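As a plain string of letters, each chain reads:
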Amino acid sequence: MTNLADGPAVAGEALPTGEPTNISRRRFLLASAGVAAGALVLGFGLPVGRARAQGAAKAAAPGTRVPAFLEIRPDNTIRLQSPFMEGGQGIFTAMAQIVGEELDADPATFVVENAPPGHDYIVMSNGMRITGGSMSVRMSYPTMRRLGALARRMLLQAAAERLAVPVGQLTTEPGKVVHAASGRSISYGELAPHALDMPVPDPDSVKLRDPSQFRWIGKPVERLDVHAKSTGKAVYAIDVRVEGMLQAAVQHAPRLGLTVGAIRNEGQVKAMKGVHSVHRLPGAVAVVAERWWDARRAVEAIQVDWREPGQDSTLRYMPADFSTDAFRERLANEPGSGDDAETAGDVASALKGAHTVVGATYHSQYLNHAQLEPPSALARFNADGTLELWMPNQAPEMFLADVAKRTGLDPARITLHSPLLGGFFGRHFIYDTAMVYPQAVQLAKEVGRPVKVIWSREEEFLRDVLRPMAVVRFRGGLDAQGMPVALEAVSATEGPTEGISNKRGEKLDDSALEGLTGKAYAIPNRRIAQLYVKTPAMLGYWRSVGNSMNDFLYETFLDELADKGGQDPYELRLRLLQGNERLTHLLRAVAELSGGWKRGPFTAEDGTRRARGIAMASPFGTQAAVIAEVSIENGQVRVHDVWEAIDPGSIVNPAIIEAQVNGAVALGLSQVLLEETVYKKGMPAARNYDMYPILTPDRMARVHVRIIESGAKMGGIGEPPLPAVPPAVANAVSRLTGQRIRGMPLSRYDFKA
Amino acid sequence: MELQINGKTYEVQADADTPLLWVIRDELGLTGTKYGCGLAQCGACSVLIDGAVVRSCVMPVDGAAGRKITTIEAIEADDIGKRVVAAWVRHQVPQCGYCQSGQVMAATALLKQKPHPTDQDIAAAMVNLCRCGTYNAIKAAVHDLAGGGADQAAAAGAAGNAPQHPAGKAAAAGALALAVLGTPGHAPARQGGEG
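Everything numeric in this text was worked out from a predicted model, so none of it was measured.

Asks: Explain the overall build of chain B here, please?
Replies: On a plain count of helices and strands, chain B comes out with seven helices and five strands. Moving toward the C terminus, one meets the helices and strands of chain B in the order β-β-α-β-β-β-α-α-α-α-α-α. Expressed as a percentage of its 195 residues, the buried residues of chain B come to 58%. In chain B, once contacts between residues fewer than 6 apart in sequence are set aside, the share between residues at least 24 apart is 63%. Summed over all atoms, the accessible surface of chain B reaches about 6600 Å², with 53% contributed by carbon and sulfur.

Asks: Is there a simple way to explain the overall build of chain A in this structure?
Replies: Check the secondary structure of chain A and you find 21 helices and 27 strands. Expressed as a percentage of the 753 residues in chain A, the buried residues total 64%. Within chain A, counting contacts between residues at least 6 apart in sequence, those at least 24 apart form 76% of the total. Carbon and sulfur atoms make up 52% of the accessible area of chain A, which totals about 26700 Å².

Asks: Where do I start with the interface of chain B and chain A in this structure?
Replies: Interfaces are often described in size by the accessible area the parts lose on coming together. With 58 residues of chain B at the interface, the matching set in chain A holds 70 residues. Here chain B meets chain A over a buried area of about 5100 Å², counting both sides, of which 55% is carbon and sulfur. Connecting chain B to chain A are seven salt bridges. The shortest N-O distance in the salt bridge between Asp17(B) and Arg297(A) comes to 3.1 Å. Viewed at the interface, chain A and chain B are joined by 26 residue pairs in polar contact (both at pLDDT 80 or more). For the side of chain B that touches chain A, the secondary structure elements donating two or more residues are strand E2 (8-11), helix H1 (20-27), helix H2 (79-90), helix H3 (100-113) and helix H5 (135-146) of chain B.

Asks: Can you help me understand the pattern of salt bridges in this one?
Replies: Any two side chains of opposite charge can pair if their charged atoms end up close together. Summed over all chains, the structure comprises 66 salt bridges over all chains. One salt bridge connects Asp239(A) with Lys34(B), and the closest N-O pair in it is separated by 2.5 Å. With Asp239(A) in the loop between helix H7 (226-230) and strand E7 (246-252) and Lys34(B) in the loop between H1 and strand E3 (46-49), this residue pair bridges two chains. Residue Lys34(B) is classed as buried on the basis of its relative accessible area of 1%. By sharing partners, the salt bridges in this structure join Lys273(A), Asp294(A), Arg297(A), Asp15(B) and Asp17(B) into a single network.

Asks: Just checking my understanding: could you explain the sheet that holds strand E23 (residues 623-633) of chain A for this structure?
Replies: Within a sheet, each strand pairs with its neighbour through backbone hydrogen bonds, oriented either parallel or antiparallel. Residues and elements named next belong to chain A. An order of E21-E22-E23-E24-E27 is seen for the five strands of this open sheet, with the pairing classed as mixed. Where the open sheet ends on each side, the last strands, each with one partner, are strand E21 (602-603) and strand E27 (702-707). Relative to E23, strand E22 (residues 609-617) is paired through seven bridges, and the arrangement is antiparallel. Each residue of the ladder has a partner; that of Arg 612, found in E23, is Glu 629. Of the strands in this sheet, E22, E23 and strand E24 (636-647) touch helix H21 (residues 725-737), which is tilted by about 145° from E22.

Asks: I'm lost on helix H17 (residues 547-564) of chain A in this one. Help?
Replies: Because each turn of an α-helix spans 3.6 residues, side chains separated by three or four positions end up pointing in the same direction. Residue and element names in this part refer to chain A. Spanning 18 residues, H17 covers 25 Å between terminal C-alpha atoms, matching the ideal 26 Å at 1.5 Å per step. Across the 18 residues that make up H17, a large majority, 16, are buried. One or two positions beyond H17, positive phi appears at Gly 566, with a value near 70°.

Asks: What should I look at first to understand unusual backbone geometry in this one?
Replies: Glycine aside, negative phi is the norm for most residues, and most peptide bonds take the trans geometry. Residues and elements named next belong to chain A. Going from Gly 600 to Pro 601, the amide bond is cis rather than trans, its omega being 5°. For Pro 601, the location among the structural elements is in the loop between helix H19 (581-593) and E21. In this structure, the amide linkage connecting Met 744 to the following residue, Pro 745, adopts the cis form with an omega of -5°. At Ala 370, a residue that is not glycine, the phi angle is positive and equals roughly 55°. Mapped onto the fold, Ala 370 is located in the loop between strand E13 (356-363) and strand E14 (376-381).

Asks: Whenever I open this one, the side chain of Asn731(A) confuses me. Can you help?
Replies: Residues and elements named next belong to chain A. In this structure, Asn 731 sits in helix H21. Take Asn 731: its relative accessible area is 2%, and that puts it in the buried class. Side-chain polar atoms of Asn 731 contact the side chain of Asp 559, separated by 3.4 Å.

Asks: When you look at empty space enclosed by the protein in this model, what are you seeing that I'm missing?
Replies: Over the atoms rolls a probe the size of a water molecule, and its path tells where empty space is left. Residue and element names in this part refer to chain A. By the definition in use, this model includes twelve cavities of 30 Å³ or more. The volume enclosed by the largest cavity comes to roughly 120 Å³. When grouped by side-chain class, the residues that make up the lining of the largest cavity number nine nonpolar, one polar and three charged. Forming the boundary of the second largest cavity are 13 residues, of which Pro 392, His 428, Ala 434, Met 435 and Val 436 lie nearest the centre. Residues that form the lining of the second largest cavity fall into these classes: ten nonpolar, two polar and one charged.

Asks: Any chance you could explain the state of the cysteines here in plain terms?
Replies: Residue and element names in this part refer to chain B. Counted by the stated rule, this structure contains zero disulfides over all chains. No disulfide involves Cys 37; its nearest neighbouring cysteine sulfur is the one of Cys 42, lying 3.8 Å away. Of the residues examined, Cys 37 reaches a relative accessible area of 1% and is grouped as buried. Take Cys 130: it sits in no disulfide, and the sulfur closest to it among the cysteines is that of Cys 99, at 3.8 Å. By relative accessible area, which is 4% here, Cys 130 ends up buried.

Asks: Looking at this structure, how should I read the nonpolar core?
Replies: Side chains of a nonpolar character, in soluble globular proteins, are inclined to be buried together. Residues and elements named next belong to chain A. Counting residues in hydrophobic clusters, the biggest one holds 212 residues, and the most contacted among them are Leu 70, Phe 110, Val 637, Leu 669, Leu 673, Val 729 and Leu 746. With 15 residues, the top contributor of residues to this core is helix H5 (residues 136-163). In this structure Val 729 touches Ala 628, Val 630, Val 637, Val 639, Leu 669, Val 672, Leu 673 and Leu 746, once residues within four positions along its chain are discounted. Core analysis: the second largest hydrophobic core is formed by 31 residues, Met 391, Val 441, Ala 444 and Val 447 among them.

Asks: Would you mind showing me how to read the packing of aromatic side chains here?
Replies: Two numbers describe a pair of aromatic rings. These are the distance of the centres and the angle of the planes. All names here are of chain A. Scanning the model with the defined rule gives 16 aromatic pairs over all chains in all. It is Arg 467 that lies over the ring of Trp 542; its NZ or CZ is 5.7 Å from the centre. Positioned over the ring face of Phe 602 is Lys 598, at 4.1 Å from the centre of the ring.

Asks: I would appreciate a short explanation of the confidence of the model for chain A in the present structure.
Replies: Reading fine detail from the predicted coordinates is not recommended where pLDDT is low. For chain A, per-residue confidence averages 92 on the pLDDT scale, and 92% of positions sit at 70 or higher. Contacts from residues 1-57 of chain A, a stretch scored under 50 in pLDDT, to residues over four places away or in other chains number 115 contacts.

Asks: Where do I start with the pairing of strand E9 (residues 275-281) of chain A in this structure?
Replies: On a regular strand, one side chain projects to one face of the sheet and the next to the other, so that they alternate. Residues and elements named next belong to chain A. When you tally the buried positions in E9, you get five out of seven residues, the bulk of the element. In this sheet, strand E10 (residues 284-289) lies alongside E9 in antiparallel orientation, the contact comprising six bridges. For His 279, the partnering residue across the bridge sits in E10 and is Ala 286. The hairpin formed by E9 and E10 contains two residues between the paired strands, and Gly 283 there has a positive phi angle of roughly 70°.

Analysis parameters
Residues numbered from 1 in each chain as written. Chains lettered and ligands numbered in written order. Predicted model: local features only at pLDDT ≥ 70, side-chain atom pairs only at ≥ 80, totals over all residues. Heavy atoms only, no water. Helix = DSSP H or I, 4+ residues; strand = E, 2+ residues; numbered from the N terminus. Buried < 20%, exposed > 50% of the residue type's maximum accessible area, 1.4 Å probe, protein only. Contact = heavy atoms within 4.5 Å. Areas by Shrake-Rupley, 256 points an atom, 1.4 Å probe, with all protein chains shown as cover. Buried area = accessible area lost by both parts, 1.4 Å probe. Salt bridge = Lys/Arg side-chain N within 4 Å of Asp/Glu carboxyl O. Polar contact = N/O pair within 3.5 Å; in protein donor to acceptor, adjacent residues only side chain to side chain. Pairing = 2+ DSSP bridges. Axes fitted to C-alpha atoms, helices over the stretch in contact; angles between N-to-C directions. Expected span 1.5 Å × (residues − 1). 1 Å grid on protein atoms, 1.4 Å probe; cavity = no way out; pocket = protein on both sides within 12 Å on 5 of 7 lines; lining within 4 Å. Points joined across faces, edges and corners; volume = space filled by probe spheres on them. Nonpolar A, V, L, I, M, F, W, Y, C, P; charged D, E, K, R; others polar. Disulfide = S-S within 2.5 Å. Core = buried A, V, L, I, M, F, W, Y, C linked by side-chain atoms within 4.5 Å. Phe/Tyr/Trp six-rings, centres within 6.5 Å; stacked < 30°, edge-to-face > 60°. Lys NZ or Arg CZ within 6 Å of the ring centre and 35° of its normal. pLDDT = per-residue confidence, 0-100.

What follows is the structure, given as structure tokens:
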């Protein structure tokens, strides 16, 4: 009795519009259909709301037009459009806490969704809207608080009219307006339809709550999405279905830049079960079918004669002889002294006058994102020629502009849906050759029906963009007491931003060098430089970006300097941070958290020999310090405990921060212990998790977190806990084994303990 | 071919060698079960067959015919599954959530077979990948469910007493889960990793 359109997830035929049947908006639309009169209609999701919203105030500053963000339903639940994509970092909950605090509504009553592209949602203080750079909360905090306060003011105003009392006599309690004098109260849900017609007050007219009075900000409020995500109800791009949809699988050229020549067995493939059609795409072939498995089986059977690019090709080309090992050698030996990114004092003279000069070459590796959700995109052309897209993305407006550019459609005729992200870590920005949606658009056009393209895990490993590789030549100068007086780092690398734009910018790429630059240690003579070497690999942003590798490179070399100078690495860092109260406090805090600094090696209770390492990082406006304890087990590193003290200035949700630290520790351990994208003969050696190992549960460390609210300017949380983890581990291993660690991953070493 | 999923019977048209995962997701529209790797590496596709956890991405659908399949959609209809979900909420386990359907299924299967698993049992059973790094939260939730942890469980000698699911049946399902479906052009899945 089943057919493709008759699964249990299909909600029914109530709206024959082809709305995706298992997306939460559908449920909202259905729910709203019955209660439209009782809802504070918001801008998006309902055509009426959109028209009203657009007519209302064209020039309103982003983050001030309440109806674009909030709907309050008769049952007092509050639907919030989040300017930031939820992908595991807990931003939906944080947004509900921030808005709820000022609106006076319990965050638990919120239903949060990713907002569509739109002027209203460009709420970041830097004039952007992206979910990245650990910027969401810190760059929208005052704006989102004010949004909640404006909504509260509108509800108060509506209540004043309803009760015919001066607004000054009214106050609020969570979810309702109260008139203390008469003992009357009205729920927000009841007031919402009336409040809708209120003009949005002047944004400057509302007063924000005193932080000492916060009920939800700063508290470990439970995440809003946990039950849905524990019961399979959360909907990701890969899950979205629309009526009449076909599905497609692709086979990409084995190397980037190659184009489709002849398809040798097209007839045979077309005759395979379930195949609707075979298509040629830029650098790929596709099979469209009713069912994805049929499409995948067929597309992998296609035999393509791939053609080398012509002379005039502008594509980044992966040559047939490219190998990561050879490229690392090239980076290590590339002539030149690089372009200055950060300088202080006079490094050359200081090195010349130093008591001891230490020179060493360190390196990082390419990495894949390896998020668990394989990328997908669903494209549908509607009867009126408009285009609708469902796809994972970290920047709706940028994607909308990209879609408009590629399709030639007016942005007003494009609707972009942004479902939950099944992990992202930087995977879903505009990456020319790593986006699925252009394929979905082309196929939908060619078959005249909606098409969802899913990349198999193998195709994802082939086309994912990589965290850059860098080889850094360090020189350090020590004085007679063993204190560092000079440090030079020349990083041979291409930064992710340079990689994405496929050329050098006018300025150096900060994302290539952050973590070598911006260190807080008082070394009087410094030179940090980049030696630009273009790679054929496609590059992208990876959780904590440049810091993900550069703090490893710097902090491990700093330990090498400490050892050469006969200094304890903890004491040396304290000395180099003298006068820096915030970081001294942080460093002492992590030592205290770990039971007092104890470098080892020492014998643990279970008889294993262990040592500890320490490292610091200052990424994305936050400060972090990590101590890791390791032993050697069967020639490989076991990390027992990670202690992390983190100071983001001020916080919104300590429970989510603790979860983010745990996650960042896991990814940091994965990077330092296991991960490496290896290319041989122009091809990635790994196309799945079998050959690209990521951290497994048995290699996870215990994690101990101390959050410090120093009151400094608010920093980020998603990425900052990561960068100090790999160097803390490597420093511990160097100490334990006596073998200096100058590269990742540690699985490349064979240790004896 | 008929499939029994979550207490309902479905007639499906897929070829016998189609992975169960794609029948569940595409043909039946039960999208709570996730595709992650297609090679039995990550466990995002875990379902229960006769109470034992199976990686549905490498299980041919005909191997599941006539057997009792449970997917995440029905997890709270199961007493143990309901407890697992409650523990997941209590410990605030998920981040992106994509692997969590599989994690919840793996934990449920473990507790069905061993109501009071030891640390070793937990480590052996909870092997699904999580890129967000929720491993410690998962471990805490399962320990919580194990009721007092390894020592108490060992003392009580409770391991292995899963009334609803005789061990023989579970073992058979586990063995079947190891059946590897060849994936064109790629190395076959490694063994191990089946909870």
